[in-house]
Amino acid sequence: MALSSPSLFSPPAHLHRHSTTLATTTTPLLFPNVAAHKHLIRPTTTTTTLQATAADVPAAIDGATTLAVIGGSSLAAIAAVISVSDPEKRRQQQAEEVGGADKEVVREYFNTTGFQRWKKIYGETDEVNRVQRDIRVGHAKTVENVIRILTEDGASSLQGVSVCDAGCGTGSLVIPLAKRGAIVSASDISAAMVAEAEKKTREELQASSTDPSSASLVMPKFEVSDLESLNGKYDTVVCLDVLIHYPQNKADGMISHLASLAENRLVLSFAPKTFYYDLLKRIGELFPGPSKATRAYLHAEADVEKALNKAGWRIRKRELITTQFYFSRLVEAVPA
């Protein structure tokens, strides 16, 4: 819409209400459904006990955040379950209901249930669960880090700098860019997301219009577009958490296309692929849920770097943004 050190986590509060032990593990993992949320959680090394009733478990699985709780010692057993299961077939059946191809599925999802879900997560409402609130914090850190990267030369202003926000979502990055004077072109495949981003940005800029320093601020240009259709030339192109919708063979071409739009900087974030997290993603796919119609693709950092190098770019900066339920690799690339 697009990316550590161990730490303790606690399951959602409603899973503590009763005393039936669901799992006791030495290496607990809490895995959000990446197809719905585009993020992974890192492993922890703390012993914990998760308690829930049979009624609580479906609520956790079918709610806004799909969770699979497993132990490190259970990975081999679950891998065996994966080998005899067919989550891909189920996902394809669900995808066919909304158009079949990945792009149509993503567009439909983020114009309907996905829009409502992520509008809450990226917004300020208190009507979010613990996992969603944590993802909100992680996403905010990513936006904060992007702004820091773009202003590291000591200038707090981005006055007159042209920026393409490819996959703008509800405007989390557009607003701080515009407030710093950037000339922003924002796009998203979802018309609902673009409308929300434009509405929020207009309200924010109007609210700051009484500040004399805001006189030169320019309202961003918004458009409904997939990444493939973007054109033009920009000082900086930013694409956060969108590559998760592209398999690596298509992501290579997309990275090259985004690089062709940028003159000085390209900033990308993506969910990193390792054997461990790839296995966790497959485990998450075993659990039913409406969001399974969207596929989630992880990307090895080496593959992303190779695609950038092939396009004539090199990575200048690498960062890892993590919270308990958010895991994202952020890279800044410049012409080689």
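Residues numbered from 1 in each chain as written. Predicted model: local features only at pLDDT ≥ 70, side-chain atom pairs only at ≥ 80, totals over all residues. Heavy atoms only, no water.

### Structural notes on the overall build of the protein chain
When helices and strands are counted, the protein chain shows twelve helices and eleven strands. Of all 336 residues assigned to the protein chain, the portion counted as buried reaches 53%. Here the protein chain has roughly 14300 Å² of accessible surface; of this, 52% comes from carbon and sulfur atoms. (Helix = DSSP H or I, 4+ residues; strand = E, 2+ residues; numbered from the N terminus. Buried < 20%, exposed > 50% of the residue type's maximum accessible area, 1.4 Å probe, protein only. Areas by Shrake-Rupley, 256 points an atom, 1.4 Å probe, with all protein chains shown as cover.)

### Regarding the environment of His 245
Tracing the sequence through the fold places His 245 in the loop between β8 (234-240) and α10 (248-261). Residue His 245 is classed as buried on the basis of its relative accessible area, which comes to 9%. Remark: the alpha-carbon pair of His 245 and Phe 270, spanning 25 residues in sequence, is separated by 10.0 Å.

### Notes on the sheet that holds strand β9 (residues 262-270)
Pairing is mixed in the open sheet, where seven strands are placed in the order β7-β6-β5-β8-β9-β11-β10. Only two strands of the sheet have a single neighbouring strand rather than two, namely β7 (221-224) and β10 (313-322). Direction aside, neighbouring strands of the sheet carry axes that sit 15° apart on average. Inspection of the sheet shows strand β5 (residues 162-166) paired to β8 by three bridges, in the parallel sense. In the strand pairing of β8, Val 163 is matched with Thr 236. Against the sheet, helix α7 (residues 130-150) makes contact with β8, β9, β10 and β11 (327-335), and its axis sits at roughly 145° relative to β10, the strand it touches most. Where helix α12 (residues 301-310) meets the sheet, its contacts fall on β9, β10 and β11, and the angle it forms with β10 comes to roughly 150°. (Pairing = 2+ DSSP bridges. Axes fitted to C-alpha atoms, helices over the stretch in contact; angles between N-to-C directions. Contact = heavy atoms within 4.5 Å.)

### Considering unusual backbone geometry
Unusually for a residue other than glycine, Asp 241 sits at a positive phi of about 55°. As for its placement among the helices and strands, Asp 241 is situated in the loop between β8 and α10.

### A look at the packing of aromatic side chains
Applying the stated rule across the entire model yields two aromatic pairs. Look at Tyr 109 and Phe 110: their rings are 4.7 Å apart centre to centre, the planes differ by 80°, and that puts the pair in the edge-to-face class. Across the pair, Phe 110 and Tyr 109 agree in class, each one buried. Seen in terms of ring centroids, Trp 118 and Tyr 122 are 5.2 Å apart; in terms of plane orientation they differ by 45°. Their pairing is tilted. In this pair, Trp 118 and Tyr 122 are both assigned in helix α6 (residues 113-122), four residues apart and thus about one turn of the helix distant. (Phe/Tyr/Trp six-rings, centres within 6.5 Å; stacked < 30°, edge-to-face > 60°.)

### Quick look at the pattern of salt bridges
Counted by the stated rule, this structure contains 13 salt bridges. Among the salt bridges present, the one from Glu 198 reaches Arg 202, with a minimum N-O distance of 3.2 Å. Residue Glu 198 and its partner Arg 202 are both found in helix α9 (residues 191-207); the two are separated by four residues, about one turn of the helix. Taken together, the shared-partner salt bridges in this structure form one network comprising Arg 148, Glu 152, Lys 317 and Glu 319. (Salt bridge = Lys/Arg side-chain N within 4 Å of Asp/Glu carboxyl O.)

### Let's talk about α12
Of the residues making up α12, those classed as buried are Val 304, Ala 307 and Leu 308. Looking straight down α12, one finds that the buried residues subtend no more than 100° of arc, so they occupy a single side. In this structure, α12 carries Ala 302, Lys 306 and Lys 310 as exposed residues pointing more than 90 degrees from its buried face. Among the structural elements, α10, β9, β10 and β11 are those in contact with the buried residues of α12. (Arc of directions from axis to C-beta.)

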